[in-house]
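Coordinates in review
Each chain, written out:
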Amino acid sequence: DATADLKQFLSSTHSLQAQFNQTVTGKGKAQNSSGTVAIAIPGKFHWEYQKPYQQLIVGDGQQVWLYDPDLKQATVKDMGNALESSPAAILAGDSGWERNYTLRTLADKDNMTWLEATPKRADSSFEVVRLGFANGQIAQMDLLDKFGQTTQIRFSQITRNPKLDASLFHFTPPKDADVVHQ
Amino acid sequence: CATPPAPPRSAGELVATGRVAVKLPSENNLANFTWRDDGKQAQLDLSSPLGNTVAELTFDGREAHLRDQAGKETVAATPDDLLKDRTGWELPVGGLRYWIQGKPDPASPAAVRDTEQGRHIEQAGWEIDTSGHVDAGAFGKLPKRIEATRATVTVTIVVTDWQWQ
């Protein structure tokens, strides 16, 4: 079942690279965006929105950087509340799953096995996170917030355990970007 | 120079989605936003890149409501202080309601002039520059980028998409 899929996925995956398509629905027009993700477990991720605009989220294991080239602004915060900024933080998480979430297997749907993770912390920005697995591989992630918004992320062209350049998980703000620690 | 008369507002609704950043000496905030304004009530949703809403602020001329991430609702007379108190975001929301459309806030005197890229507005201690316009029919030319500065606070807005009905 999905819990076994998650455990198997996390234990057999040290790194991952994929394309993603994100759709946010719930209020007004659906908002679509897409980009690429690279993950090195534990704790390192490179989540890059490319369309319709560029935004980069990098987790280097200690901190999470958020950079917007149009706005020439970068923010950096501790890894602690990393989940706020990127679902990759969930996938890149170490075995903290059991500590931070209550897990529940859902019925299969769209030929995926589904796992529902409910954050134990009340102040989490998400009500529920759902992970969809297709033959043991993460294929989709749905995140429901407390305002009725649903973020659906579909992964494609997934490479498991690729060799990833360490520079992917370091962020050096360009000279013209304003950076302030939060 | 004198404030140009605000163009007659059609009853339709404006929706802008994009990103907003506030730069303060001590802190720096960056978020995605959705902005709705039907001429009577305006609504600002601040969200993370992931789409989860951080705060939902609605206001009209009389009252402002804010719902935060924990679902807590708060009411106040004006939106700016309410948003700052509840979320730490320092945004001149009352003024931005008009500046985001490249227009001055009718509530106070303003100096407005057209520039090469768009408009320069001086109002309530803020200097606002808009650029990169979209032609939005009855709503006229709507900017893609709005920068507002007052003392040590700089607000930058990039609109990814304008919708109007």
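Each remark here, short or long, concerns the structure printed above.
A brief structural summary.

The rules behind these values
Residues numbered from 1 in each chain as written. Chains lettered and ligands numbered in written order. Predicted model: local features only at pLDDT ≥ 70, side-chain atom pairs only at ≥ 80, totals over all residues. Heavy atoms only, no water. Salt bridge = Lys/Arg side-chain N within 4 Å of Asp/Glu carboxyl O. Buried < 20%, exposed > 50% of the residue type's maximum accessible area, 1.4 Å probe, protein only. Helix = DSSP H or I, 4+ residues; strand = E, 2+ residues; numbered from the N terminus. Polar contact = N/O pair within 3.5 Å; in protein donor to acceptor, adjacent residues only side chain to side chain. Contact = heavy atoms within 4.5 Å. Buried area = accessible area lost by both parts, 1.4 Å probe. Nonpolar A, V, L, I, M, F, W, Y, C, P; charged D, E, K, R; others polar.

What follows is about the pattern of salt bridges. Oppositely charged side chains may form a pair once their charged atoms are brought near each other. This structure, assessed with the given rule, holds 13 salt bridges over all chains. Here Asp60 of chain B makes a salt bridge to Arg62 of chain B, at a shortest N to O gap of 3.3 Å. With relative accessibility at 69%, the residue Arg62 of chain B sits in the exposed group. Between Arg119 of chain B and Asp114 of chain B there is a salt bridge, with its nearest N and O atoms 3.1 Å apart. Residue class for Arg119 of chain B comes out partly exposed when judged on its relative accessible area of 22%. One connected set of salt bridges, linked through shared partners, spans Asp68 and Asp70 of chain A together with Arg19 of chain B.

To continue, consider the side chain of Thr34 of chain B. By secondary structure assignment, the location of Thr34 of chain B is in strand S2 (residues 28-37). A polar contact is formed between the side chain of Thr34 of chain B and the side chain of Gln31 of chain A, at a distance of 3.3 Å. For Thr34 of chain B, the contacting residues outside a window of four places in its chain are Gln31 of chain A together with Val15, Ala16, Thr17, Gln43, Leu44 and Asp45 of chain B.

Our next topic: the interface of chain B and chain A. The partner chain A presents 38 residues to the 35 residues of chain B that form the contact. In total, about 2800 Å² of surface goes out of reach between chain B and chain A, with carbon and sulfur atoms giving 54% of it. Viewed at the interface, chain A and chain B are joined by three salt bridges. Across the salt bridge formed by Arg19 of chain B and Asp68 of chain A, the nearest N and O atoms sit 2.7 Å from each other. There are 13 residue pairs in polar contact (both at pLDDT 80 or more) connecting chain B and chain A. Among the elements of the structure, strand S1 (14-23), S2, strand S3 (42-47), strand S4 (53-59), strand S5 (64-68) and strand S11 (153-164) of chain B are those that each provide at least two residues to the side of chain B that touches chain A. Taken together, the residues of the side of chain B that touches chain A break down into ten nonpolar, 15 polar and ten charged.

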